[in-house]
Amino acid sequence: MFGIVRPCTHRLSEGLRTEWMAHLCGLCLALRADHGQFARIVTNYDGLIVSVLTEAQAGAMPAGRRTAGPCPLRAMRTAPVAMGEGARLAAAVSLVLASAKVRDHVADRDGLLARRPVAAAARRVAAGWDRAGARTGAALGFDTALLVDAVDRQTGIETLAGPGTPLLTVTEPTETATAAAFAHTAVLAGKPQNAAPLAEAGRLFGRLAHLLDAVEDREADAASGAWNPLTVTGTSLTEARRLCDDALHGVRLALREVEFTDGQLVHVLLAHELRRSVDRAFGTSSCSHQGLEVPEGSFGPPPGNPYGPTPGNPYGPTPGNPYGPTPGGPAAPPPPRPPRDRRGLIAGCLVWAGLACTCQMCCGSYEDPWSRERREAPCQDCGDCCEACNCCGQCGEGCCCCGDSCGCDC
């Protein structure tokens, strides 16, 4: 599941985590329903934002949810999933942009795609995804030719680019494609007045997606000799970071002009998590809203355990088990835990594979694939939405300095 907005699920509140998973699963199932099982391979974290934007403007309705059956990627649990035009638009956009990604790898002769038979097969798959996305887009009134044209222009621009070429010239096709997708969510939601600001937010989101992909692949592309916009145009990482920070600020400003029925999840993904994506790509930690560099560990506890018992501390733990039975007192053992319905070997292995593929075993909590007991993942230090925002309450614009008085539990 590719994409730049990849929130740790335990950083979201319970309600937002359920909503986020509903849109992710809704995108996956929309791909299966309209284009077959193989199309589900293009499920991605960024595509679901299209579905989230549509629902945030139109408002959640009971008809927009259905209960999906057990799935290995959800630890064999049922779950409510998003359905409707937003999920189908997300599926169409994901297909076309995944097709572009495949063709880009073919052009760069990456890995197995350097072999002609494999490259020819990949081109056929990409062409099929283009046609499938066009069919779904046409049913929703969205012309995917805008996306395909942008992808085709990308190849020509990259061919002509060289030292001194403005980096934003290279990112323009991606910006155009994502702007069109974001703007059409306003049409589906019946709020055409939102189209212009959403197009601006989408354009800047596309710029970020292109730049962050280039930053993350920079060293690998240099080692393999693959085309990279930063290397070819001679753009420094400092300049790339400046462009990313400008785009982040622009996305926030554009979203303030959009009329949302419930924009909470949109805000978390495109304000908080998008900033984290930039920090992750550049290997930095910064204030989530003001762009101030915050060295790692600046606000952590001092070395050692400041709360441990000191020598002679009368409040330290006493030798032995202070919670054991007292002499002469009742010593009844605790009641046994109720038996759990254990999974078999094969079912447990399938659940384990799903948990591993979706990173649930690395972050948050999950059910043991076999015993069904609750487990805590090793990654428990991602913090909440204000983890990296130590400027909260200092700018007079409400908590987290977002300007919309959002709470730290957003």
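Conventions and cut-offs
- Residues numbered from 1 in each chain as written.
- Predicted model: local features only at pLDDT ≥ 70, side-chain atom pairs only at ≥ 80, totals over all residues.
- Heavy atoms only, no water.
- Pairing = 2+ DSSP bridges.
- Helix = DSSP H or I, 4+ residues; strand = E, 2+ residues; numbered from the N terminus.
- Phe/Tyr/Trp six-rings, centres within 6.5 Å; stacked < 30°, edge-to-face > 60°.
- Buried < 20%, exposed > 50% of the residue type's maximum accessible area, 1.4 Å probe, protein only.
- pLDDT = per-residue confidence, 0-100.
- Contact = heavy atoms within 4.5 Å.
- Patch = residues over 30% accessible without salt bridge, like charges linked within 9 Å, V, L, I, M, F, W, Y side chains within 5 Å.
- Areas by Shrake-Rupley, 256 points an atom, 1.4 Å probe, with all protein chains shown as cover.
- Salt bridge = Lys/Arg side-chain N within 4 Å of Asp/Glu carboxyl O.
- Core = buried A, V, L, I, M, F, W, Y, C linked by side-chain atoms within 4.5 Å.
- 1 Å grid on protein atoms, 1.4 Å probe; cavity = no way out; pocket = protein on both sides within 12 Å on 5 of 7 lines; lining within 4 Å.
- Points joined across faces, edges and corners; volume = space filled by probe spheres on them.
- Nonpolar A, V, L, I, M, F, W, Y, C, P; charged D, E, K, R; others polar.

A. Seen up close, the pairing of strand β1 (residues 65-71). Bridge count between β1 and strand β2 (residues 77-82): five bridges; the pairing is antiparallel. By the bridge assignment, Arg65 is partnered in β2 with Ala82. Counting the residues between successive antiparallel strands, the hairpin from β1 to β2 contains five residues, one of them, Ala75, with a positive phi of roughly 60 degrees.

B. Structural view of the packing of aromatic side chains. One pass over the full model with this rule turns up three aromatic pairs. Ring centres of Trp20 and Tyr45 lie 5.7 Å apart, and the angle between their planes is 20 degrees; this geometry places the pair in the stacked category. One end of the pair, Trp20, is in helix α1 (residues 14-35); the other, Tyr45, is in the loop between α1 and α2 (48-58), and 25 residues separate them in sequence. Judged by its relative accessible area of 3%, Trp20 is buried.

C. Main features of the confidence of the model for the protein chain. With 71% of its residues at a pLDDT of 70 or more, the protein chain shows a mean pLDDT of 78. Highest mean pLDDT in the protein chain belongs to helix α9 (residues 237-256) (97); lowest belongs to strand β4 (residues 374-376) (61). Segment residues 380-410: pLDDT under 50, and 71 contacts once partners within four positions in sequence are set aside and those in other chains are kept.

D. View of a nonpolar patch on the surface. On the surface, Phe38, Ile41 and Val125 cluster together to form a nonpolar patch covering roughly 290 Å² of accessible area. Positionally, Val125 belongs in helix α4 (residues 116-139). Relative accessible area serves as the criterion here: at 32%, Val125 is assigned to the partly exposed category.

E. The arrangement of the pattern of salt bridges in detail. Under the counting rule described, the total for this entry stands at 16 salt bridges. Arg153 serves as the salt-bridge partner of Glu172, at 2.6 Å between the closest nitrogen and oxygen. Residue Glu172 is found in helix α6 (residues 167-188), and its partner Arg153 is found in helix α5 (residues 145-160); the two are separated by 19 residues along the sequence. Take Glu172: its relative accessible area is 27%, and that puts it in the partly exposed class. Here Arg153 falls in the partly exposed class, since its relative accessible area comes to 28%. The shortest N-O distance in the salt bridge between Arg276 and Glu273 comes to 3.8 Å.

F. Quick look at the nonpolar core. Leu270 and Leu274 are the most contacted members of the largest nonpolar core, which totals 74 residues. Not counting the four nearest positions on each side in its chain, Leu270 is found in contact with Ile49, Phe182, Phe205, Val251 and Leu255.

G. Quick peek at the side chain of Thr185. Residue placement: Thr185 occurs in helix α6. In contact with Thr185, other than residues within four places in its own chain, are Val50, Leu53, Thr54, Gln57, Leu89 and Leu198.

H. Molecular detail of the layout of surface pockets. There is about 1200 Å³ of room inside the largest pocket. Taken together, 44 residues form the lining of the largest pocket, with Leu97, Lys101, Thr174, Ala209 and Asp213 sitting closest to its centre. Counting residues per element, the lining of the largest pocket draws most heavily on helix α3 (residues 85-108), which supplies 11 residues. Considering only residue class, the lining of the largest pocket consists of 20 nonpolar, 11 polar and 13 charged.

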